[in-house]
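# Observations on chain architecture
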Amino acid sequence: MLIKQLLVLTAAMLVLVACNQAQKSQSAQKASEEMKDGAAGIELPAGLNLEKIVKSEEEWKSALSENQFYVLRKAGTERAFTGEYWNNKEEGVYTCGGCQLPLFASNTKFKSGTGWPSFWEPIKTELVTEISDNSYGMRRVEVVCARCDGHLGHVFPDGPEPTGLRYCINSLSLDFVPQKEYQAKLDQ
Ligand SMILES: [Zn+2]
């Protein structure tokens, strides 16, 4: 009886030790614990500034390409299967094409067959803003960058698990930073 209790106790302690170690190694990787969120588990730059970026139409025009301006600032949509990233399978982070805020990660990107980059979750929900959009006689939810209000795309409730959401995003609204490059910037 005593041996059995001892065994149970030992097993429980082993689990505790294992959990502790897992937590330790996780927090060592995190520059800022609370900045990490969601399944993407992407570290965000320390002291990331989410203060609104406001520019005039002229300023945006000179900062962006004509096509980027049309999508990001005029809520345009690129033609399906024409964008740079719908079929990108590289590991990395997708940032806002307007203000470089990290928005989505490759590990939440999935093959939707739509011809637009599709994700089931942003890196962190606070990084994007969702707005109900009734244009073109459709009830949709528009997704914009939380920092510069640049139009990204729409979110639909027909995505895969675990969220069941499909963030359908224009390639023109995004820039892609390969994982190594992203990590190198964080380590600077
Ligand atoms: Zn932005």
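Residues numbered from 1 in each chain as written. Predicted model: local features only at pLDDT ≥ 70, side-chain atom pairs only at ≥ 80, totals over all residues.

## Remarks on the overall build of the protein
When helices and strands are counted, the protein shows 4 helices and 8 strands. Long-range pairs, those at least 24 residues apart, make up 58% of the contacts in the protein between residues at least 6 apart in sequence. (Helix = DSSP H or I, 4+ residues; strand = E, 2+ residues; numbered from the N terminus. Contact = placed C-beta atoms within 7 Å.)

## Quick word on the environment of Phe 119
Locating Phe 119 in the fold gives a position in strand 3 (residues 118–119). Owing to 27 C-beta atoms within 10 Å, Phe 119 belongs among the buried residues under this scheme. Apart from the residues within four sequence positions on either side, Phe 119 is in contact with Phe 104, Thr 108, Lys 109, Tyr 167 and Ile 169. (Buried ≥ 20, exposed ≤ 12 C-beta atoms within 10 Å, placed from the backbone.)

## Looking at the sheet that holds strand 6 (residues 151–156)
What the 5 strands build is an open sheet, ordered 3-7-6-5-4; its pairing is antiparallel. Strands at the two margins of the open sheet, each flanked by one partner only, are strand 3 and strand 4 (128–133). The pairing of strand 6 with strand 7 (residues 166–169) spans 4 bridges and is antiparallel. The residue of strand 7 that forms the bridge with His 154 is Cys 168. (Pairing = 2+ DSSP bridges.)

## What to know about the pairing of strand 4
Of the pairings in the sheet, the one linking strand 4 to strand 5 (residues 140–145) comprises 6 bridges and is antiparallel in character. Bridged to Asp 133 within strand 5 is Arg 140. In sequence, strand 4 turns back onto strand 5 through a hairpin of 6 residues, with Tyr 136 there showing a positive phi of about 55 degrees.

## Describing the sheet that holds strand 8 (residues 174–178)
The strand order across the open sheet built from 3 strands is 2-1-8, with neighbouring strands paired in antiparallel fashion. In this open sheet, the two strands that pair with only one neighbour each are strand 2 (102–105) and strand 8. Within this sheet the neighbouring strands show an average axis-to-axis angle of 35 degrees, counted without direction. Each of strand 1 (92–96) and strand 8 is contacted by helix 4 (residues 179–187), which is oriented at about 80 degrees to strand 8, the strand it contacts most. (Axes fitted to C-alpha atoms, helices over the stretch in contact; angles between N-to-C directions.)

## Points about the nonpolar core
Membership of the largest hydrophobic core comes to 27 residues, with the highest contact counts inside it found for Leu 103, Phe 104, Val 128, Cys 145, Tyr 167 and Ile 169. Elements represented by at least two residues in this core include exactly strand 1, strand 2, strand 5, strand 6 and strand 7. Leave out the neighbours within four places in its chain, and Ile 169 touches Phe 104, Trp 116, Pro 117, Phe 119, Leu 152, Gly 153 and Leu 174. (Core = buried A, V, L, I, M, F, W, Y, C linked by C-beta atoms within 7 Å.)

## With respect to the environment of Thr 77
In this structure, Thr 77 sits in the loop between helix 3 (66–72) and strand 1. Residue class for Thr 77 comes out partly exposed when judged on the 15 C-beta atoms lying within 10 Å of it. For the pair Thr 77 and Leu 152, spaced 75 residues apart in the sequence, the C-alpha separation amounts to 9.0 Å. Once residues within four sequence positions are removed from consideration, Thr 77 is found in contact with Val 71 and Asn 170.

## Digging into the environment of Ile 123
As for its position among the elements, Ile 123 is in the loop between strand 3 and strand 4. Note on Ile 123: 28 C-beta atoms within 10 Å, which makes it buried. Considering only alpha carbons, one finds Ile 123 and Asn 107, 16 residues apart in sequence, at a separation of 9.7 Å.

## Things to note about the confidence of the model for the protein
On average, residues of the protein carry a pLDDT of 86, and 79% of them reach 70 or more. Scored below 50 in pLDDT, residues 14–36 makes 11 contacts in the model with residues more than four places away or belonging to other chains. (pLDDT = per-residue confidence, 0-100.)

## Looking at unusual backbone geometry
With an omega of 10 degrees, the peptide bond between Glu 161 and Pro 162 qualifies as cis. Mapping Pro 162 onto the fold places it in the loop between strand 6 and strand 7. You will see that Ala 75, though not glycine, has its phi angle at about 55 degrees, which is positive. Structurally, the position occupied by Ala 75 is in the loop between helix 3 and strand 1. What makes Ala 75 partly exposed here is the crowd of 17 C-beta atoms within 10 Å. One non-glycine residue, Gln 100, lies in positive phi territory at about 65 degrees. With respect to the helices, strands and loops of the structure, Gln 100 is situated in the loop between strand 1 and strand 2.

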